Each structure stands twice: as structure tokens, then as C-alpha cells.
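Okay, here's what each chain looks like letter by letter:
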Amino acid sequence: MHKQLDTYKKLLLNSDFKEAKKNPLHFFKKVTEKTAFIVNLSITNNLISIIYGYCSTAFMMGDEAYFNNYGKSSDGINLRYYAEIASISDEASVKQQIQDIYNEYKSIEKDELLRIVKEKRKEFINLFSNRLKPLGFKKRSNQWRKEIAPDTLLVFGVDKNSYSDLYCFQIQIHKLSEEELICCYDEELETTDFNKFDWELYAKKNALFDWQLETPESTNKLIDLIIDRYLLPYSNTPLEILGKQEAIKNYRYCTKNICENCWIKN
């Protein structure tokens, strides 16, 4: 594998890519004043993993030294794709796959790049809306809410990570009062079953989901899991029974003395 990496490194350098000085195997090629094509290589589980695509460099204007030293992190590539090489036989198809994306958006300007990403993000969010609306959930921003008992909301959120372009998923149960929305339960969901990209950026392991590298099919499988494991059981279980579940009962941030009749049983 390491010998293959050396071969790919030479190929990229001979194609006018530069390797980040302090971040080996992170390659970039400026295509316009404010955009660049990125190819990041790594060895994962005896595979050569390649995350590639186009990114905006506008925020680096005046700080080109940082880009030259570190390149672009994989999760920060605005329009990104994934390929892997398990054997020599994969090389030709992967090379063509990367070349096709390079050619498709060659010389793309920053504003057009960000517009395309915005549309792709909307499509990702719509995958959840299309599945949750028939179940009685109403969308508000990137949250879907459903009243599961009088003055009680089940909330599912798709939240963008503050430090990257990755997402995490949350399940919450809220009580409505005249003064405020009281959070009875809040859980950040792991995506271990479907997320093969093991990001560990400012969040617990396996809690972050790369919405661009996963296919719509794998995202829909994740939505199936969330619906079957969380949303349907929480929607269809009476509160007096739901409140006896260990995870909910032991949720330490619930201020139980706020509600006159708390449904969570100690």
C-alpha cells in the first residue's frame, strides 16, 4: 500500500498538484483565484482511501502560507467525493472517477461552487422531510416535531457541527409550558451502523455523519434505523411507560421540579 501511495504522489505532483508541507498526502491544485481541487490520500483498513473535490479558498486570501502548509482537511472540502483502491485492478476506474469530477467542474468559481453545495444540502435535508412528514412530524428549520401527548413534543434534529461540514442527529422530548420549552430528554445518536468515516472532530466518536460521502441509499437506511429504533417507539409508547426507560429515567439534565406532574419515573 505504501508503495502505491508513493506512485500516486508522483502522479499528482507531475500533474501540477502541490503537497501540503506539514500535512503529508494532502494535495491541492488552484483552479481559480478562489477555488482549488483537493485530493487527500490515506490508508484505512488495508484500503487506500481518497477524498477529493473542490473547495473555496476565499477565506485563505492573504494567508496562502497556511494553505501551502496544511492543505485542506477532508471534511472541509466544499464539494467532496469518496473513492477507494483495494487492489491494482481498481486504479483505472478510480482515476477516471476523479478525472471526471475534475473535468466537470474545472475552473468553477467560488459562488457557483457554493450554490451547488447549497442545493445538495437541501436535497440531503429533504430526504428526512420526505420520510418524516407522513409520520406526522412538522418541519421547523432543521428540526421535525410531533406532539406525542398533550403539551409534549418529540423532536428530531439534524444539526450541523460547529467546526466542520458534518452533521449529528438528536432526539429530544420537550414539555410545553406558558413560559418556556422544557427539555425532558436529549440524546445525540450514534451513526456507527452506517457511517464508515470515523470523524472525531469536537464530538463523540461515531456521532458525526458526512452527508456528502454517504449515498442517498445509505442515508435512507440510516433514516430507517432512526425511525424504527427511536421515532416510532417514542411516538407510540405512552409517557408513563416511556418514562420508566433507563436512558430517559437517568437523563441528568432534566430539572424534574419544574413540571407539576413529571412523567419520568425515578
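Before reading on, note that the structure itself is shown above.
Everything numeric here is computed off the predicted structure, so don't read it as measured data. (Residues numbered from 1 in each chain as written. Predicted model: local features only at pLDDT ≥ 70, side-chain atom pairs only at ≥ 80, totals over all residues. Heavy atoms only, no water.)

## Quick word on the pattern of salt bridges
Then, number 1: The full count for this structure, using the stated rule, is eight salt bridges.
Then, number 2: In this structure, Asp165 and Arg80 form a salt bridge, with 2.9 Å as the shortest nitrogen-oxygen distance. Of this pair, Asp165 sits in the loop between strand E8 (152-160) and strand E9 (167-176) while Arg80 sits in strand E5 (residues 79-85), and the two are 85 residues apart along the sequence.
Then, number 3: In this structure Arg80 comes out as buried when scored by relative accessible area, which is 1%.
Then, number 4: The residue Asp224 makes a salt bridge to Arg131 at a minimum N-O spacing of 2.3 Å. Of this pair, Asp224 sits in helix H5 (residues 216-236) while Arg131 sits in helix H4 (residues 110-132); the two residues are 93 residues apart in sequence, bridging distant segments of the chain.
Then, number 5: Among the residues examined, Asp224 registers a relative accessible area of 31% and is labelled partly exposed.
Then, number 6: In this structure Arg131 comes out as partly exposed when scored by relative accessible area, which is 27%.
Then, number 7: Ionic contacts of the salt-bridge type, sharing partners, join the residues Arg80, Arg121, Asp165 and Asp210 into one network. (Salt bridge = Lys/Arg side-chain N within 4 Å of Asp/Glu carboxyl O. Helix = DSSP H or I, 4+ residues; strand = E, 2+ residues; numbered from the N terminus. Buried < 20%, exposed > 50% of the residue type's maximum accessible area, 1.4 Å probe, protein only.)

## Describing the sheet that holds strand E1 (residues 18-19)
Then, number 1: Here we have five strands laid out as an open sheet, ordered E1-E2-E3-E4-E5, and antiparallel in their pairing. Each edge of the open sheet is held by one strand with a lone partner, namely E1 and E5.
Then, number 2: Note that strand E3 (residues 35-44) and strand E4 (residues 47-56) share 10 bridges and pair antiparallel. Note that in E4 the partner of Thr35 across the bridge is Ser56.
Then, number 3: This element, helix H1 (residues 2-13), spans E1, strand E2 (26-32), E3, E4 and E5 of the sheet and lies at about 170° to E3. (Pairing = 2+ DSSP bridges. Contact = heavy atoms within 4.5 Å. Axes fitted to C-alpha atoms, helices over the stretch in contact; angles between N-to-C directions.)

## Section: the sheet that holds E8
Then, number 1: Reading across from one edge, E6-E7-E8-E9-E10 is the order of the five strands in this open sheet, with antiparallel pairing throughout. Since the sheet does not close on itself, it has two edges, and those belong to strand E6 (138-140) and strand E10 (181-189), each with one partner. Adjacent strand axes in the sheet meet at a mean angle of 25° when their direction is disregarded.
Then, number 2: Note that E8 and E9 share nine bridges and pair antiparallel. Looking at E9, one finds that Leu153 is bridged to His174.
Then, number 3: Those strands touched by H4 are E6, strand E7 (143-149), E8 and E9, and its axis lies near 160° from that of E8.

## Observations concerning the environment of His174
Then, number 1: With respect to the helices, strands and loops of the structure, His174 is situated in strand E9.
Then, number 2: Since its relative accessible area comes to 9%, His174 is described here as buried.
Then, number 3: Considering only alpha carbons, one finds His174 and Leu153, 21 residues apart in sequence, at a separation of 5.1 Å.
Then, number 4: His174 has contacts with Asp151, Thr152, Leu153, Val155, Leu181, Ile182, Cys183 and Cys184, leaving out every residue within four places of it along the chain.
Then, number 5: Here the side chain of His174 touches Gln172 through a polar contact of 3.0 Å, side chain to side chain. (Polar contact = N/O pair within 3.5 Å; in protein donor to acceptor, adjacent residues only side chain to side chain.)

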